[in-house]
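# A look at the structure
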Amino acid sequence: MIIRVRTNMGVWRVEDLDAAAATTADVLAGIAQTRPHVVYETPLSSDPGCKSPLDADSPLASQGFGHGSMLHCKVDASTCAEHTRAAGAAAGNGEDDVGESTAPSTGGITKRIIDKDGSIKLVHAEGASAPGADKGFRKGQLALRDMKMAWTLAEFTAMDDQYNFKIKRQEESFVGGGGVHLEGAAVNDFQSYLRRFQFQQQRFGYLYGRFVEEKEEDDKMEEDEEEKKPAISGGWGARMPEEEKKTTKKNAKVVVEAIYEPPQEADPEAAEGFVILEDAEEENVENLAKMLGLQRVGWIVGHPPREEGFQLSAAEIIMAAELQLESAGGVEPTPFVTVRVTVDDDGNVVVEAFQVSLQCMEMVAEEALDIGPNPGFCYVNDSFTAIQEGKPSATVENNFFLTLVPINAYQSDTFVSTFPRANRAYDDRMQTHDEMKKQLSKSGQSGWTFEDLLSDFALLLYLCKFLDVNSDMPKICQSVRDREVPLDDGYKILIKSMAGMDGSY
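Quick notes on the rules
Residues numbered from 1 in each chain as written. Predicted model: local features only at pLDDT ≥ 70, side-chain atom pairs only at ≥ 80, totals over all residues. Heavy atoms only, no water. Salt bridge = Lys/Arg side-chain N within 4 Å of Asp/Glu carboxyl O. Helix = DSSP H or I, 4+ residues; strand = E, 2+ residues; numbered from the N terminus. Buried < 20%, exposed > 50% of the residue type's maximum accessible area, 1.4 Å probe, protein only. Pairing = 2+ DSSP bridges. Axes fitted to C-alpha atoms, helices over the stretch in contact; angles between N-to-C directions. Parallel < 35°, antiparallel > 145°, perpendicular 65-115°, else oblique. Contact = heavy atoms within 4.5 Å. Nonpolar A, V, L, I, M, F, W, Y, C, P; charged D, E, K, R; others polar. pLDDT = per-residue confidence, 0-100.

Scanning the entire structure with this criterion turns up 17 salt bridges. A salt bridge links Arg421 to Asp189; the nearest nitrogen and oxygen atoms lie 3.6 Å apart. Taken together, the positions of Arg421 in the loop between strand E23 (407-410) and helix H11 (433-440) and Asp189 in helix H4 (residues 184-195) put the pair 232 residues apart, joining distant regions of the chain. Put simply, Arg424 and Asp427 hold a salt bridge, and the shortest N to O gap is 3.7 Å. On the basis of relative accessibility, which here comes to 8%, the residue Arg424 falls in the buried class. Via salt bridges that share partners, Asp189, Arg203, Glu261, Arg421, Arg424 and Asp427 belong to a single interconnected network.

Structural data, given as structure tokens:
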């Protein structure tokens, strides 16, 4: 199996692991083959904040990790130079390969060779000038004899099939008939900010909410009402085998309660249209979500208007697949959704929800898809073959990977969405104590209680900067989740004092 490791220096991939027996030591050994001098600042962990280290002695499978899963760690950037060993000596040219590496100073691939006088020289090994560069059974792979001296036809076919993908449409998403319920105020605030730039800048955010299981939905609704829910559109996306459709359990719906926009910069030159910056609040965001009974259930991306039929770019397809892989813990079904926001030719806001297919997730986990010059297509890595209509294809149209998810309007009965958002430039409102006072001062008016106005994900995250996340925030969040649990008067006084409010509550 393949395990991916997200570090502060990018995503690394470790291949050929035993799915049943591989441990963290095997992952570290795989990394050491290409980065022998790497120094770890945190151990391999299951969470982006690296606060949940993996059990070093237990197999990854027993810890819930499988093919395509993402692990996390932080490393010393100065120790991450990549170095790969050559498979063996070059045949028939009298030169022995000692090794090859990526040379940071030159930015190219170099190879150590033994010169005629016996000295070791470092030479460029790019393109046809690199001995053995094109001798692999596939581009970027070892030659067959470097893997094994003798092959049967069945063995070769089985190995070669691992690099072939027969592109199939998936008829349905992994979300049930209830679709995705988007909190109206949160989405409206997101699109309003994009409108400040006439939708000419791309921006994204993470969706936090709940996956509602089918059995939970059955407890709340009668069976005949459930049947009246809108059916999944069979529009785009890849077809799954019939037996998989019958056995795959779905969530009845996805409920989105809040949107968090991490630090980012709009960059029209970037494939995604933005550059994600380091987030000092990442750990607080995840901890707050857990305290509120929420989890990351999707992501939302806003982009400029596009031509009809062009839903998501290749970069967005790949990012959606990576996030689904992270949510599922590997190449497994997940109700994690992708929501896009844009405007049509008349300036009306368009909001649509999608998922990428399981096959797309597998191809991204294998790094078989690349970004190319045409954003409407995913380009197939040279080491792989995509077969469409019985013919090899160098590209796959993005819509083949998409399945449509129904959207339902939703107004949360727990959370409000009025406090200014973090990480926004050129916004007319910023996160300040004065804004907190403005929001909480509505308590006692129009039926609002102090707890109602405090139940704002952005406001609670702002409070995490001033209150103890481990002792204070859990108690506050408990009162937010369950209004039967009164908020301690001491916290009311403390929060009102921070906001500069006078009078009773």
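Structure's up, so let's keep going.
Turning to the sheet that holds strand E18 (residues 377-380), a few remarks are in order. The sheet built from 3 strands is open, its strands ordered E17-E18-E21 with antiparallel pairing. Across the chains shown, the open sheet's two edge strands, defined by having one partner strand only, are strand E17 (369-371) and strand E21 (395-397). Here the strands of the sheet are splayed against their neighbours by 40 degrees on average, with no regard to which way each runs. Across 3 bridges, E17 lies against E18 in antiparallel orientation. Paired with Ile371 across the two strands is Cys378, which belongs to E18.

What follows covers the packing of helix H8 (residues 282-291) against helix H14 (residues 473-481). Packing of H8 against H14 leaves a shortest axis separation of 9 Å and a crossing angle of 45 degrees. Relative to H14, the element H8 is oriented oblique. The residues of H14 that touch H8, namely those facing Leu288, Lys290 and Met291, are Met473, Pro474, Cys477 and Arg481. Here the contact of H8 with H14 is built from residues that sort into 5 nonpolar, no polar and 2 charged.

Low-pLDDT stretches of the model should not have their predicted coordinates read in fine detail. Summing up the model confidence of the protein, the mean pLDDT is 84 and the portion of residues at 70 or higher is 82%. For the stretch residues 124-133, pLDDT sits under 50, and the model shows 14 contacts to residues farther than four places along the chain or on other chains.

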